[in-house]
Amino acid sequence: MTEDKVPPNPADDTNGSQAPAEPSEGALWRRLMRTNTAWIFLVLILLVAFFSVLKPNNFPTEFNTRAIATNAAVLLIIAVGETFVIITGGIDLSVGYVLLFSGVTAAQTMNAFGNPTDRGWDLILLGLLVALVSGLAWGTVNGVLVAKAKVPPLIVTLGTLGMAWGMAQILSNGQDIRYIPSLLGSVVGAGKFYAVPWLVIIAALVAAVGAIVLRMTRFGRYTFGVGSNEEAARRAGINVDRHLIKVYALSGLLAGFGGFLALAYFTTTTISGHANDNLNAIAAVVIGGTSLTGGIGTVVGTTIGVFIPAILASGFIIIGLQSFWQNVAVGAVLIAAVFIDQLRRRSRER
Amino acid sequence: MAEPLLQARGIVKHYGHVEALRGADFDVFPGEIVALIGDNGAGKSTLVKILSGSEQADEGEIILEGHDVQVSSPLEAQRLGIETVYQDLALAPDLDGAANLYFGREIVRRGPLGRLGFLDDEAMHAGARKAFADLGVDLQNAHSPVANLSGGQRQSVAVARSVAWANKVIFLDEPTAALGVVQTARVLDVIRRIRDRGVPVVLISHNMPQVLKVADRIEVLRLGRRVAQFDARGATVERLVAAMTGGLDGQGSAA
Ligand SMILES: Nc1ncnc2c1ncn2[C@@H]1O[C@H](COP(=O)(O)OP(=O)(O)O)[C@@H](O)[C@H]1O
Ligand SMILES: [Mg+2]
């Protein structure tokens, strides 16, 4: 970049006294309040407390905690990508079936050289690569159609949702692929590092990196900026189209990664098991305080948003409610989250 | 008189069947505040967009410091040292004042983290505080999204942004249209300070008294063409209005 003029150097700040120094502690808190994160975290704590008081011997156990976290791990990974997309003001409905598609292509690749059950890390890495490339390819298609062809994201990703689903079934003839290297299932899918499942560690790392990129890098800043005012971003000289393509590609890439991890977790492609992934990911992002109109959101919020349905599901089963109640409760929480976001927006437009 | 710093010659711009500019000329001289006035629809905003790279002219040329230039994009305009505050504020409402000031030109950290695109928020906040203070703008909270600011503060952020980066010329399209009396006075004050630093300012407005108060020179656009140029000292509201509405065609006094 060539910058022949740079704004005043902070070092010669002699008369900056007019600008009051803002208290740095409290700034984080205010930012959290602004993004709903604090509220939704409170809801999470209350839920945990509620189920823990009700079933002190079954709910707050190491076993159950591990189960909840493991079940949430794959969803968290695709929800991180979805967070970036929704902050740009878009949406990615395709993640669930891109995840499935990537799982299928990875499984097929690993089965291409005979029964893979006893094969080692080299084949596993090849499978991972295929899953990542598959996800990245769908994400790039989404991004190009949104940014260049100017088709609304809802339509683009609804279209690729169907295409990825259909392609996954065509490739697999609608049959689940049940053979994967047993090493993949036992280490990545079910293994633990000390007491923590590898899946949880991987998901936590993805979320941490996602949070850092969103908050601390230029890529994250542009994601907020494009979602906040696309025209302003263009006039500021930002290549908005390229940025949107990158964001959708990232979402696809993470869905591909999620597909590989789901394969490791279930040790089969679970073709019929991903119908709700899209909506669960979007619900998690929105419950976590990311605004559907773009410009506002956090990965921390999304992480909490992933755990609310997960805790409801586990809690309802443990207190003996039908698990269908989880869907009812998550739906209600989702609507409440969007309602609060609307209120916040309205109160801001003074 | 000195050479114009920026000249537009014979700019033509069509939007479908609408001829927004029909061979418009425009000049900016060093160190001046020049007002560009004209009735609604005269083509002022279109001319500004063309000179700042947001739109492309169908015909005509742009000459900056004696050289033909192609202002092919906003980025190119920025590179040439031309900054613009658009009528519809081009700020990102969810970003704070500092992030908006540096939007598209972020400061990254030193070293490898910087190469990964890690932002130096501290440096940007410090630079922003200084930039705002220099213009006499007080932002109570530089960490607040600009959506939470008043109209005047938002306008000030947009102006500060352009001032921070412009080294050739600044365009302000109706910068006070949405402001109250006090805030308007403040923005006009800011405009004079920019001029006094040596960067010429183009002020688009149709508030005649305001134009006469701050501008050094006035150019009048009508139906997509320049119809008159005035020295602000000799001009009156009546003569400006006459030029804008066509009552004075062909006899605007050259400055
Ligand atoms: N994007 C556009 N599409 C179609 N017509 C436009 C567009 N922008 C401006 N115009 C037309 O061009 C003419 C000049 O507009 P504008 O430059 O906004 O005038 P001003 O800023 O002087 O009020 C008007 O007739 C307007 O309707
Ligand atoms: Mg206008």
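In every chain, residue numbers begin from 1 and rise along the written sequence. Labels are handed out in written order, letters beginning with A for the chains and numbers beginning with 1 for the ligands. Since the coordinates come from a predicted model, pLDDT governs what is reported: local features require at least 70, and pairs of side-chain atoms require 80 or more to be given and counted, while whole-chain, interface and lining totals use all residues. Hydrogens and water are ignored here; the side-chain numbers use all heavy atoms of the structure.

Draft legend 1. Representation of the site of ligand 1 within the structure. Residues and elements named next belong to chain B. Neighbouring ligand 1 are Tyr15, Val18, Ala20, Asp39, Asn40, Gly41, Ala42, Gly43, Lys44, Ser45 and Thr46. For the purposes of these results, a polar contact is taken to be a pair of N or O atoms within 3.5 Å, where, inside protein, one atom must be able to donate a hydrogen and its partner to accept one; residues adjacent in sequence count only when each atom of the pair is a side-chain atom. In the environment of ligand 1, an oxygen atom lies 2.8 Å from a nitrogen or oxygen atom belonging to the backbone of Lys44. Thr46 is positioned such that a nitrogen or oxygen atom in its side chain is 2.5 Å from an oxygen atom of ligand 1. Isolated, ligand 1 exposes 550 Å² of accessible area, and the fraction of that covered by the protein chains is 61%. Of all elements in the fold, only β2 (18-28) and α1 (44-51) reach the threshold of two or more residues within the shell around ligand 1. The numbering of helices and of strands both runs from the N terminus, where a helix is a DSSP run of H or I of at least 4 residues and a strand a run of E of at least 2. Residue contributions to the shell around ligand 1 peak at three residues, all from α1. Residue composition of the shell around ligand 1, by class: four nonpolar, five polar and two charged. Any residue with a heavy atom lying within 4 Å of a molecule or strand is counted as near it. Per-residue accessibility takes into account occlusion by the displayed protein chains alone, with areas from the Shrake-Rupley method and a 1.4 Å probe. By the convention adopted, Pro, Cys, Tyr, Trp, Phe, Met, Ile, Leu, Val and Ala count as nonpolar, Lys, Arg, Asp and Glu as charged, and the other residues, Gly among them, as polar.

Draft legend 2. Focus on the nonpolar core. Throughout, nonpolar core names a set of buried Ala, Val, Leu, Ile, Met, Phe, Trp, Tyr and Cys residues whose side chains join them through atoms within 4.5 Å. Only protein chains enter the calculation, and the probe is 1.4 Å; a residue is then buried if its accessible area is under 20% of its type maximum, exposed if over 50%, and partly exposed in between. Grouped together as the largest cluster of nonpolar side chains are 97 residues, with contacts concentrated most on Ile77, Leu184, Phe260, Leu261, Ile308 and Leu312 of chain A together with Phe103 of chain B. In terms of residue count, helix α3 (residues 62-87) of chain A provides more of this core than any other element does, 14 residues in total. Contacts are assigned to residue pairs that have any heavy atoms within 4.5 Å of one another. Once residues within four sequence positions are removed from consideration, Phe260 of chain A is found in contact with Ala106, Met110, Ile124, Gly127, Leu128, Ala131 and Leu184 of chain A. Formed by 50 residues, the second largest nonpolar core is a distinct cluster that contains Val85, Ala158, Val214 and Ala235 of chain B.

Draft legend 3. The packing of aromatic side chains, seen in detail. The rule is short: rings of Phe, Tyr and Trp, with Trp giving its six-membered ring, pair when the centres are within 6.5 Å, and they are stacked under 30 degrees, edge-to-face over 60, tilted in between. Going through the model one piece at a time under the given rule, you end up with eleven aromatic pairs over all chains. When the ring of Phe84 of chain A is compared with that of Phe219 of chain A, the centres are 6.0 Å apart and the planes differ by 45 degrees; the resulting orientation is tilted. Placement of Phe84 of chain A in helix α3 and of Phe219 of chain A in helix α9 (residues 218-228) is noted, with a sequence separation of 135 residues between them. Residue Phe219 of chain A is classed as partly exposed on the basis of its relative accessible area of 22%. One aromatic cluster in this structure is built from Phe50, Phe51, Phe59 and Phe316 of chain A. Directly above the aromatic system of Tyr86 of chain B lies the positively charged group of Arg235 of chain A, at a separation of 3.8 Å from the ring centroid. As a reminder, the over-ring test applies to NZ of lysine and CZ of arginine, requiring each to be within 6 Å of the ring centre and within 35 degrees of the ring normal.

Keep in mind these values describe shape, not function.
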